[in-house]
Structure formats: structure tokens, C-alpha cells
Amino acid sequence: MEFNTSTGGGIPPNPYAPHFSPSTATTTTTASTFSPDAPPFAPSPGPHAAPFAPSPVPHAPQQPEIFVDGHGPILDGSFNGSGDASAHYGHNSSGFEEGFHPSDPGSQHSGQHQDQHGIMHSGRGISNPPVGNEEYHELHTIVADGGDRYGVSAVAFDLHQELLWMGNQGGHVTSYYGPGMQKYSSFQPLPVGTEMRQVLSIDSGVLLLGNNRMRCSERGGLTIFDFSGEDMHDMQVMTMVDPTTLLIGGHQDKVIEFDLHSGQQVNLLDVGDPGVAIFRHTNRFICCGDTSGQVTLRDMNTFKVEHILKAHAGSLSDFDVHGNLLVTAGFSTRRGSLAVDRFLMIYDLRVMRAMAPMQLSIDPMFLRFVPTYTPRIVAVSQAGQFQILDLAGVMTPASMAIHQLNTHGHMCMGFDISTSCEAFSFGDNGGLLHLWTDREEVLYNNYSHPTEFADHPEHLPAMSIVDPLTPLASIPMLYENCHGPLLSDWPEDCMKYVKRRMPPVDPEILASMKIVQFIGYAPNPRVKKRNQVPYRAKDLAITIPTSSAGATSTVPESPGARGESPRWYMVPTRYRKVEIKYTKLGVDSFDFRHYNRTNFAGLETNIPNSYCNAMLQVLYFIEPLRCAAQSHLCEKEFCLTCELGFLFHMLDMSKGENCQASNFLRAFRTIPEASALGLVLGDQEEATGKVNLGRLIQSWNRFIVQQVHQDILEPKDEDTEKKEPEETNPPKEVEKTPIEKMFSSEVTISSKCRCGKETTKETNSMVYGLNYPDISDPDLKKKQYSFTEVLKNSMSSEQVTHAWCEDCNRYQPTTQSRKLQSLPDILAINCHLDSERDQLFWQAQEEKMPNYVPWDQLMKQKEGGSSKSSSSQSRTARPCRYGTQCTRSDCKFSHGAQDKEKTTVLSSAEILEMSLQEEAQAHWLPCGLKMALANGQLKIEGLPEMEDVEKEKPSEDWAVYELTASVCHVQESRLGGNLVAHIKGGIPYHKRKEGITATQWYLVNDFAIAPMDKLDAVMYGMAWKVPCVLYFSRKDLNKRHDCQIHNPISEKVLFPEASLSSRVLKRHITFQPLATEEMPKAGDLVALDAEFVTLNQEEAELHSDGTRSTIKPSHMSVARITVIRGQGPHEGTPFIDDYISTQEQVVDYLTKFSGIKPGDLDANISSKHLTTLKSTYLKLRYLIDKGVKMVGHGLKKDFRVINLFVPKDQIMDTVLLFHLTNKRMMSLRFLAWYFLKLRIQSDTHDSIEDARTALQLHKKYKQLKDEQEPDEFHKTLRKMYEEGRKVGWKPPDE
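Residues numbered from 1 in each chain as written. Predicted model: local features only at pLDDT ≥ 70, side-chain atom pairs only at ≥ 80, totals over all residues. Heavy atoms only, no water.

Caption draft 1: Local environment of the overall build of the protein chain. The helix and strand inventory of the protein chain stands at 26 helices and 57 strands. Counting only residues that meet the buried cut, the protein chain has 50% of its 1294 residues in that class. Of the contacts formed within the protein chain by residues at least 6 apart in sequence, a portion of 62% connects residues at least 24 apart. About 64,300 Å² of surface is accessible on the protein chain, with carbon and sulfur atoms providing 51% of the total. (Helix = DSSP H or I, 4+ residues; strand = E, 2+ residues; numbered from the N terminus. Buried < 20%, exposed > 50% of the residue type's maximum accessible area, 1.4 Å probe, protein only. Contact = heavy atoms within 4.5 Å. Areas by Shrake-Rupley, 256 points an atom, 1.4 Å probe, with all protein chains shown as cover.)

Caption draft 2: Up close: the sheet that holds strand β29 (residues 375-380). Spatial strand order, β28-β29-β30-β31: four strands in an open sheet with antiparallel pairing. One side of each edge strand has no neighbouring strand; the edge strands of this open sheet are β28 (366-371) and β31 (403-404). Both β29 and strand β30 (residues 385-390) contribute to a ladder of five bridges, which runs antiparallel. Each bridged residue has a counterpart across the sheet, and for valine 380 the counterpart in β30 is phenylalanine 386. (Pairing = 2+ DSSP bridges.)

Caption draft 3: View of the packing of helix α5 (residues 640-653) against helix α6 (residues 662-669). Packing of α5 against α6 leaves a shortest axis separation of 9 Å and a crossing angle of 170 degrees. Between α5 and α6, the angle is such that the two are roughly antiparallel. Listed contacts from α6 to Leu640, Glu643 and Leu644 of α5 are Asn663, Phe664, Ala667 and Phe668. Classifying every residue of the contact of α5 with α6 gives five nonpolar, one polar and one charged. (Axes fitted to C-alpha atoms, helices over the stretch in contact; angles between N-to-C directions. Parallel < 35°, antiparallel > 145°, perpendicular 65-115°, else oblique. Nonpolar A, V, L, I, M, F, W, Y, C, P; charged D, E, K, R; others polar.)

Caption draft 4: Structural view of the sheet that holds strand β16 (residues 254-259). Pairing is antiparallel in the open sheet, where four strands are placed in the order β14-β15-β16-β17. Each of the sheet's edge strands pairs with one partner strand only, and the pair in question is β14 (235-242) and β17 (264-270). Across this sheet, the average inter-strand angle for adjacent strands is 25 degrees, counted without regard to direction. Taken together, the six bridges between β14 and strand β15 (residues 245-250) define a ladder with antiparallel strand orientation. Its bridge partner lying in β15, methionine 238 is registered against isoleucine 248.

Caption draft 5: Representation of a negative patch on the surface within the structure. A grouping of Glu218, Glu452, Asp455 and Glu458 is seen on the molecular surface, where their side chains present a negatively charged patch. Classification of glutamate 458 as exposed rests on a relative accessible area of 79%. (Patch = residues over 30% accessible without salt bridge, like charges linked within 9 Å, V, L, I, M, F, W, Y side chains within 5 Å. Salt bridge = Lys/Arg side-chain N within 4 Å of Asp/Glu carboxyl O. Lys, Arg positive; Asp, Glu negative; His and termini not counted. Charge placed at Lys NZ, Arg CZ, Asp CG, Glu CD.)

Caption draft 6: Inspection of the environment of glutamate 962 at higher detail. By secondary structure assignment, the location of glutamate 962 is in strand β45 (residues 959-970). Sequence separation between glutamate 962 and lysine 930 is 32 residues; the distance between their C-alpha atoms is 8.9 Å. Excluding anything up to four places from it in sequence, glutamate 962 contacts Cys927, Gly928, Val949, Lys984, Tyr1031, Phe1032, Ser1033 and Lys1035. Among the polar contacts listed, one links the side chain of glutamate 962 to the side chain of lysine 984, at a separation of 2.8 Å. (Polar contact = N/O pair within 3.5 Å; in protein donor to acceptor, adjacent residues only side chain to side chain.)

Caption draft 7: Summary view of the side chain of threonine 1171. Within the fold, threonine 1171 resides in strand β55 (residues 1170-1171). Overall, threonine 1171 belongs to the buried group, its relative accessible area being 3%. Engagement of the side chain of threonine 1171 in a polar contact is seen with the side chain of glutamate 1057, the distance being 3.2 Å. If sequence neighbours within four positions are ignored, threonine 1171 has contacts with Glu1057, Leu1060, Asp1138, Tyr1139, Ile1140, Ser1141 and Thr1176.

Caption draft 8: Geometry of α5. Between its first and last C-alpha, α5 extends 20 Å over 14 residues, near the 20 Å set by a 1.5 Å rise per residue. Burial analysis of α5 places 13 of its 14 residues in the buried class, the great majority of the element. (Expected span 1.5 Å × (residues − 1).)

Caption draft 9: Summary view of the nonpolar core. Counting residues in hydrophobic clusters, the biggest one holds 99 residues, and the most contacted among them are Tyr611, Ile697, Trp700, Phe743 and Tyr1031. In terms of residue count, helix α9 (residues 693-722) provides more of this core than any other element does, nine residues in total. Among residues more than four places away in sequence, those in contact with tryptophan 700 are Tyr611, Cys612, Met615, Leu616, Leu619, Phe664, Phe668 and Leu679. In this structure, Leu823, Leu827, Leu929 and Val970 belong to the second largest nonpolar core, which totals 53 residues. (Core = buried A, V, L, I, M, F, W, Y, C linked by side-chain atoms within 4.5 Å.)

Caption draft 10: How the structure looks around the pairing of strand β8 (residues 171-177). With seven of its seven residues buried, β8 lies for the most part within the structure. Taking every second residue as pointing to the same face, both faces of β8 are buried, with Gly171, Val173, Ser175 and Tyr177 on one and His172, Thr174 and Tyr176 on the other. Strand direction decides the pairing type here: strand β7 (residues 163-169) and β8, joined by five bridges, are antiparallel. Among the inter-strand pairings, methionine 166 is bridged to a residue of β8, identified as threonine 174. Taking the residues between adjacent antiparallel strands as the criterion, β7 and β8 are bridged by one residue. Pairing of β8 with strand β9 (residues 182-187), which is carried by five bridges, proceeds in the antiparallel orientation. By the bridge assignment for β9, serine 175 is matched with serine 185. In this antiparallel pair of consecutive strands, β8 and β9, the connection spans four residues, and glycine 178 shows a positive phi of 65 degrees.

Caption draft 11: Spotlight on helix α3 (residues 613-620). α3 sits mainly inside the fold: eight of its eight residues count as buried. Of the residues making up α3, those classed as buried are Asn613, Ala614, Met615, Leu616, Gln617, Val618, Leu619 and Tyr620.

Caption draft 12: Examining the side chain of serine 1117 more closely. Here serine 1117 is to be found in strand β53 (residues 1115-1125). With relative accessibility at 11%, the residue serine 1117 sits in the buried group. Those residues in contact with serine 1117 that sit more than four places away from it in its chain are Glu1091, Phe1092, Val1093, Leu1095 and Val1201.

Caption draft 13: Layout of the pairing of strand β47 (residues 1000-1005). Of all six residues making up β47, six are buried, and the element is well covered by its neighbours. Covered by surrounding structure in β47 are Gln1000, Tyr1002 and Val1004 together with Trp1001, Leu1003 and Asn1005, the residues of both alternating faces. Summarising the sheet, β47 and strand β48 (residues 1008-1011) pair through four bridges and their orientation is antiparallel. Within the sheet, the bridge partner assigned to valine 1004 lies in β48 and is isoleucine 1009. Here β47 folds back onto β48, and the loop between the two strands holds two residues, one of which, aspartate 1006, carries a positive phi near 60 degrees.

Caption draft 14: Layout of the pattern of salt bridges. The final tally for this structure, using the stated rule, is 45 salt bridges. Residue arginine 626 pairs with glutamate 623 through a salt bridge whose shortest N-O separation is 2.8 Å. Of this pair, arginine 626 and glutamate 623 both sit in helix α4 (residues 623-630), separated by three residues, roughly a single helical turn. By relative accessible area, glutamate 623 is classed as buried at 8%. Glutamate 962 serves as the salt-bridge partner of lysine 984, at 2.8 Å between the closest nitrogen and oxygen. One end of the pair, lysine 984, is in strand β46 (residues 978-985); the other, glutamate 962, is in strand β45, with 22 residues separating them in the sequence. Like lysine 984, the residue glutamate 962 is buried in the burial classification. Within this structure, Arg280, Asp318, Asp320, Arg368 and Asp416 form a network of salt bridges that share partners.

Caption draft 15: Up close: a nonpolar patch on the surface. On the surface, Val516, Phe518, Ile519 and Tyr521 cluster together into a nonpolar patch covering about 450 Å² of accessible area. One can find phenylalanine 518 in the loop between β35 (514-516) and β36 (519-521). Accessibility expressed as a relative area gives 71% for phenylalanine 518, which makes it exposed.

Below you can see the structure in the form of C-alpha cells.
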């Protein structure tokens, strides 16, 4: 028998007969592709076969004419010699794709992939909305599994779950979940190259039919049973006649009856030639279609022939049965060859007669009934066209419409309809799978069983093979019964067995040990964990606490001591991240002075988004910027520049005491631009350490410079708008802001198209980013680049991009160049070392420098030398005869407590030693720069050493810059590391803080500040310390800018102001503003009290021994501030009683202790005098700047939450006035009862009552001090403590 196609050009006939695979109620028949070189009955190469030539059919591509010899055509599927069935989770067959759950509608794939034809497909498919009157529209088109190699041969909707099955010509099966077509399972049930003939779903799994075998698998891919035998050959179709009985037929004279319950063949039925190609069944008949063009109706019980319907003269391509109607499609014989019959034959099974045939506009190859409100049927051609026809003869626009699949020239090989009739599926020999639906949210079955999904796999944590710190017990041993050597075992000749050296005994244990007979007993100092011994010998050193035996040290251990990362041992201790160790007293018992012996103030880390502490310190040490921020004041509630000035004022006033940036960070969180740039982090992001701190701080640097410039510029713009010009004058040039004068440089950007058109644009740049050359080329890798060369190319770069040209009227390659027109006074640089390639470039340049020494070796030399010198100094230090009265700055003797508080100043010998180290160790980053602009060209020269910078003098042509600050990222993989700053403290700062004229480099690590070697600021080994931000400042920076602070806070802040709440009545006002004659003066007395609410609850953990430790303290916010007069005719009358409005969510109003109720802080419903925190903060700042003395109870906590620094001589805290050393603090309620005979705080706290009570207690204290001798006052306090112990520290009940 011969098959060939008529193309009009005379294609030679195909001597081999391909097979047509049949379709059943749950799968689809597949049509043929033809290969002239294929062996008999071998599958053809599918996508590579020659396409059929079109026939002259209106509105549709022509279909081939098929010529058959006397044997007639044989029904078969697609012919790419493989059979494939699949169903898997994600992109591999091992389980779910990580983070995905197919039942989640938001978890569909959105990635793109390309098939073998160059067609781009999305993971969510190609979506087309309905057009015109079409009822069904294309929802998805995807490349099926293996679509780049094999075409689709069978498609079928699952009858029990929301799955779509696809089998291909390579023997692979894939299932897709839901309308999103998310891949659910994928497996290979048939040998590679065996075509999948049919997929049939059952309740327990899926039946997969190949040419000579049938497999039953679970939907996840596990095999239930596999059936093959001598009767299984050339099989085409199968159908279920009852829940346990399966019929299997093909191009042979036998039909196999198979029992699914037992998994065995139970009968062999004779059907005669030419066999069975298509199975359908009703409640009365089993309908068998064959290649002769007839349909045989057999009895359901006996399988005997009842009727034979001769539908087509040539062959049968497909038929379907619904109710009493049977519709067929096939071939007819024309001029001795087969041609597709464009008539559908319709039979009424009640009378066994043919009805009037229905003519089509396409060549039908597949048929399926759509049993809805009218008898409809879908006819599909191999060209990818289909029609939905109404068998009742009703002509509608939908029935006349011809739908076209996006087959891209491939032939449709499979078709199926879901039981709900809401979805059609098609498969073509190009490997594409199409899903058409009549709605967006589609269900395949009206009542589906829930689909079972795999659990997410638990991955073991990664561990480097060179990691010496991870316990070997964390490696799972999977070879319990393996007694032989493993592949990873080291050979005997490479190993040496040694005994582990015992760690030395803690000297504290030896000092406190008591010997009983021959056994020593001593308390456990708890400096090591139980049953854990360090691996490295150098880690055996014991940390001896400074406190006495039995006392708990307040110095927290470095977090690097717990679960260190592989490189953490290389990081010096002063660079490691330190955390505050909280006790039941909060941070009051924490020894911050252990980390900061200088008079500069550190910043705490327990506030959200405190990652920017290092950059805040860098900005503070820029003298003109500090003065400009402290001189700025505007009316905006959340102004970063105002908050920056308040913070700088606190850092100025503090003498080594710790500060917080809580108000600044509170305003920072409200800036929309900061949130849009991803600079505002959540608590979880900071805790997990998944944020790239290096990239984050560089974005923060660019943002803060621009934001401060904008904050200063906006008030000037508002003043300009308010002033109306009296006469028309030419506009004056806008005055530059201090930020613009310091950071900005004018840049001309030139864009030149290749057509010759050139456009220029003037702009300003405040922060520059480094762009590194690509050294992937071996020739470029050998070249040594200087830092100045990289900086010059980054500042005045030239690149070619595609841009729109107005003259060419299209996108053209355009050369863009940047030319500097002026030099900035402060050169702010973002290093942009985010990628590993750029970090390797920096490290390669370091290694190419002469006298290069690896960073870890250099630090070992430094630490060894410093420890040696410090130990020798501690042995030889003797007390000075003059004690604290010694005036010699170079005195070598000890001066007691004065030395502890004195800032560490390097001796001349240490300075000489460091300078020698600098000469021996070269570095790529220069200590200074020389820059000049000549004829529009930028010139940069490097000054490698600090001495070169000091010797160089600025001139008219050359500007001299010195490195004044840098921020680096100390990398640690477990918690993301931390940010530290190297800052050069200038003469003005040392004069204010130390009273000396000197410069010194400092390492600022949040609240830990220590002097450092200036070499550390330019040395980056890249193993653990990566530079992020560099600041180069002109040597004459302070002379070029105003460095005077103009305090903008005046007495106007105390004048009456309107409340934010519109419901405040005059009778609700609880305070009387100050009159002009009452304005405060230095030494005046006022009483203050504040109430707070909780924004975040405290986080704590309970240990196995019953102890409780605080991980994160509660985040408090001030809610009410009351200040009352301390003298005068209105003594005790409040002049400030402000409720503070907050935009953040309040977790707990603490009503019992604060008196604040829900709604009091809401401007819409509050009846209180509501104002902003900034407004009240300015009032308190004015009082403090005037030298007013504050009376209150527990003021240290109040000022800490308000974020206000008050000098100690201006604080009169009653909790300290009535306190004995090493005794508990007394409550205000108890003091009022004991000394004043008053009962306060009976129900809730009231800040006015508390402030008045504190004022009376202060007067009582002065009275007792005046009337009694010191010994008598001490006895009075002892009596108070005795009485308090008797009554339980609370006033007794009345």
C-alpha cells in the first residue's frame, strides 16, 4: 500500500504506510505525518516531515489527498518513533520546584523559553481574549515536555482530578495542573522512541498504552503494574466498560479483555480483520471503528455484533457517540486515492438509519461531542482549524466561525474535551500544547478529587570542604552497613594520628579551687559551652571576665563566637559586630564604655534600619555639613535635615556617652522615596541577614545627599513664592545650598548620533560610582590599573548606547560622553563592588602592588606586636607620684581612673612603628588625590601615602583631596555581616571633645569606637572587608565653607499653637502657655514627666535552665509630654501638655501606666491637645539650650525615648535624690506616700500629677538637706528603706 500527498508539483508517493492512532472517550486520535525514507510501519520524524500542500478551500488551508493501495489506509498517530508520558513537580522529576505550590493561583511560572523553532513561549502561555462572537478562546500555548525533540501524540483530560495529560512520540508523559498548566508530574513509562498511543485516567492512576505494552502508573509516576505479552502487538486503543474491566484493541483480529483488579488478562475476543482502531461505548453498545470505514456495534455483555454502519467508502478518521446520535468523519475514494471527506455522517441509533450529512468548510480529522443545552460537536482539522457545529441545524455566528490554533505550520495530532465542556486541548507534532477555554477560571471536571502534592524537600545546609569550624557531627552518615573504605577516605600514607591537646585550665578556676583530698572543686565561670572544644589550637585561649568570681559580666560576647562563618576567624575583634546584652534593667546595666574609651559618641543598634549608623557618623565628621544641618530648621513634620541636625547636636553634647538615632530613623521610615528605593527594611530582613548591606549603604549614600539638598532647597523656594516682586526684574540666579556647594560638580552630557547630530545637557552630579574594566581577556588581566585611572574613566566616561534621533526618526547608536565643568569640594564615591568580578579586579590590583602582604598575615603581625607591647606596658606601669594632678602629657606612669577615661593617644614610638609598616606594605587605594580641569579635560594624580598628602599644597590649577572617611562591609555569610566606618577626626572635633589640637583615625563600629592605624583605611584584602563608600575632601574644605552654627531655635517655639485635632474645646486645654515675662532663663526650674506607648513588644527567650534573656527590647514611643512651672506665681501650672500624634501602629497603649487611651493620639477623634513630636521636641530643646533645670522621676528613660540629650548638671532626678548606693530605686508613688503623705496613681498615671509630685519631692529634698546634717539625711533614707521593706515597697492600702 502507498501513501503520498498531492502538492500540485508531483511529490513521489510514499511507499510506506504510516499508522493512524485512534481516539477514545478520554484521549485523542492523532493524524499522520509522512516520511518518504521511513521503513514500513516506522514512525516518521514528525516536525521535520514535509508539510501538506493546501487545497482550494475557502477560509481554510488545503489538506492533503492521501492515495492508498488495495489494502486501504491504516489509522495511526503521529510518527516520530518515540512514546512519552510525563507528570512532575517543577523543572525536575525529583519533587516540587522550590517555593511553588500549584494550587496557589499566584505561583504560576512567568519565565520564557524558546522551542526548537525559535518561538518564544511564556510559562503562563500565550493568552488571547475572546474576539467577536467567539465562545472559546485560546488561554495558553506552551512547549510540552520534550517538545524540542518529539511531537505530541496523545492528549487527555483527567476524569477525576484537575490535570491535563500529554503523551509524546518519545514515550514520555507529562501532566499539567489546572488552567495555569503548571507542570505537575513527568515520567518515562515507555522505552525512548516508543510512541504513546493513548492516555486513559482511572480513579487510582493513569493507564498508558504503547505499541506492545500497557502500563498503569500513579499520577506521580510510580508504577502500579506493567502488562505486555504475545497478544500485545500493534495496539491502538483501549476503553473501560465497567470500573474493573478494560478492553484493548489494535490493528489485529483480537481484543484483549483485562481485569484491572487482578492486573491480568482474562479473555481474548475475536473481532476479525481489520481489527479495532477506535473505541466508543454507550449504555447499550460498544462501538468499534476500523480502517475499512465502518463502525461495528457490539453487545455490551456478549460482545456479539448487533449492527454494522458503513460510514465512509475509504477509511475512518474519527467518530463520537452521544445519546442516540453517532457522528463520523473519514475518507472517501477519489480517482483511486483517498481524500478527506468534508461531510459528517450522522446516524440515529434508535432506528439504525443515516440522517442528512452535514457539510463543513474544513477537512475534519477529529470529532468530539459538546453535550450542553443543544447537541453540538467539534470538528478539528490537521491544519489546526476547528468548528463548533450545532447538529440541530441552527445557524449561529459561533457555528459558522472557524477557529485557528497557533500551530506555526505544524499539524494537529491530538484533541480532547474536558467533562465540564469548559476546556479544549490540542497537541501538534511541533511539540506545542494548546488550551482553549470559554472562561478565565476554568474547571476540567464538575466534581474533582483534590490533587496530592509533594512536600517541600528539606535541604541540608551547605558546608565548605575547607571549613574547619563546622562540627563533623552535622554531616549525616548514610552508610550504616558499609564496613569498607569510602571514596572520601584519605589514604594511610597521607594521615598522621595525633592526640588532641588538652586545653589549659582557666586561671580563675585554679585561683578559686579548693582541694578536698586529691580532688579540686571550683565554681564554673561559664566562659565555655558544655562538651565543646575548639578545633584550632589558637582558639583554646580562655576569655577571663573582668568581674569578680560569681558575678556576671555586662560585656557581651561577639556574635562571631557562636556559629561562625568560615572566614570569621580572619576578622579582627574590633571589626566584628557587637550586640547589646540586655538584662532585666534593660540597657542600663550594659557597659558601653568597654567599647568606647573616647569622648566621641557611638550609636546604638537596637533600632530598625540602624544599618546606616556608619554613614551618619561619616556625615557628622564633615564640619561644614554638621554646621549646615544644625543651622537648618523648617516646618515639615518629617524633615531628614532637621532630624540630622538634632542628632548632630546630641553627638556634639555627649562626652563619650551613647546616643540613639531613633527620631531620625522614625522620619526616615516615613519618606516615600526611601521606601521606593528599598532602603526601609523590615524587622525580618534585618534579623535574617539576607540584605546586601554593601549595595544598600551605597544607595543610602546617594539618597541622603540628594534628600538633604532638597530639604534645604524647599524652604527657600517657598519664601520666593511668598514674596511678590514689586516690579518686573530679570530672575536672579538661585543661591546654591550648602550641600550643593560641597558635593555638586557641574557635568556636561553630550550625545552624538552617527548622522552627526549632537545634543548637550547640563546637569549636576553629587555622588560618583566606580566602573571597573573587564579583565576577562588574558591580555587585559596582566595589565596593572591605577585607582586614579579607574576613577577618571568613571567620572568622565564615554559609552555607546541606542537612543532616539529626531533627525533619523529612529533609534540609532549614539555616543554619550560626560565632561566635568567644575570640581566638587567633597568627592563622594560609591565603590560598586557588588559582583564577584569587580571584587576580583580590586583584589588583583592589590596583589600586583609591590611588597604585597596578605591581610590576615598583616593583622597577625599587628595583633602580635600590640599584645606584646601592651603586656610589657602592663608589667612596667607604676603609679605616678603626682597622681591625677600630673600635667605631663608624655608621662609613662599610671594615673589610676584618669587613664581609663582618657582618650587613647598614640605614642611617638607607636606612630613610628606604624609608619614603618606603611612603607613595607603598599596599597592600591591612595591616601589622597590631585585633580585639575584643563581645557575641559580631567586630570587626576594619586598621592599614595599620608605624608604625600600633608606635603602637597593646593594651588589655583590643582585641587588637593585627602581621604577623610570610608565605609566598608565586613562580610559574614550567616547574618549578613555589618558596616563599619574609618573616619579621620579633624582638629575642630578633638578641640571640642579632647581639648587638644590633633588628628586621629578612628574605627567606628556602631557604639564601639577606637583609634586605629591609618593604614587600615586604605587596606582591603577583599577576603572579609569590602569598601563601599569613599569620601575625599579638599584640604582647605573648612576655609571654603561656613563652619559657624546659627541656632534656629528661638522662643517662638513656646508660643501657643493650634492642635492637630479639630475636636479640642477650650475647656479641654489642660495647660497655660508662658507669658512674655515668664520666658525661661538659665537656672530656672521646671518639672517634666512623659508617658509612652509600645510600638513593638519585647522579644525574649527562655532557656532550659529557667533563665530568661532579652533578644530585642520593646520599642517605645512618647505619647504625652508635660512640663510645669517650678517657680513664680503660677508654680505647678503646666505650660506644656502635648499629646504626640503618631502614624505608626500602636501595639499597647499601656493605659494603666500611661493614662493614654485608644483614640487619644488620633487627630480625627481625639479631644486632647494633639501636636507633632518635632514641635514638642523643639520646646524641650529650647529649654535645655537656655540652661533650664529639669525635675522629674526617672528622667534618664524619658530623655532616652524622647531622643534628647540633657547635660547632667541640668537634671534633678528624684529617683537618684532619694537613693542609697547598691539599693533599689524607689517608685514615685512610694516616695510621695512616705515623704509627702500623698496617694497618687490610684487608678492610672497622669503626667501632670506625676510632674507636680516630683517638684514637691525636690523641694522636700532641699528642705531635708538644709535642715539635716549629711549623716542624719543618710539615716532618713535608711529609715525609708526599712519602712519600704516592711510594706513591700508599696503604699499600704487605706
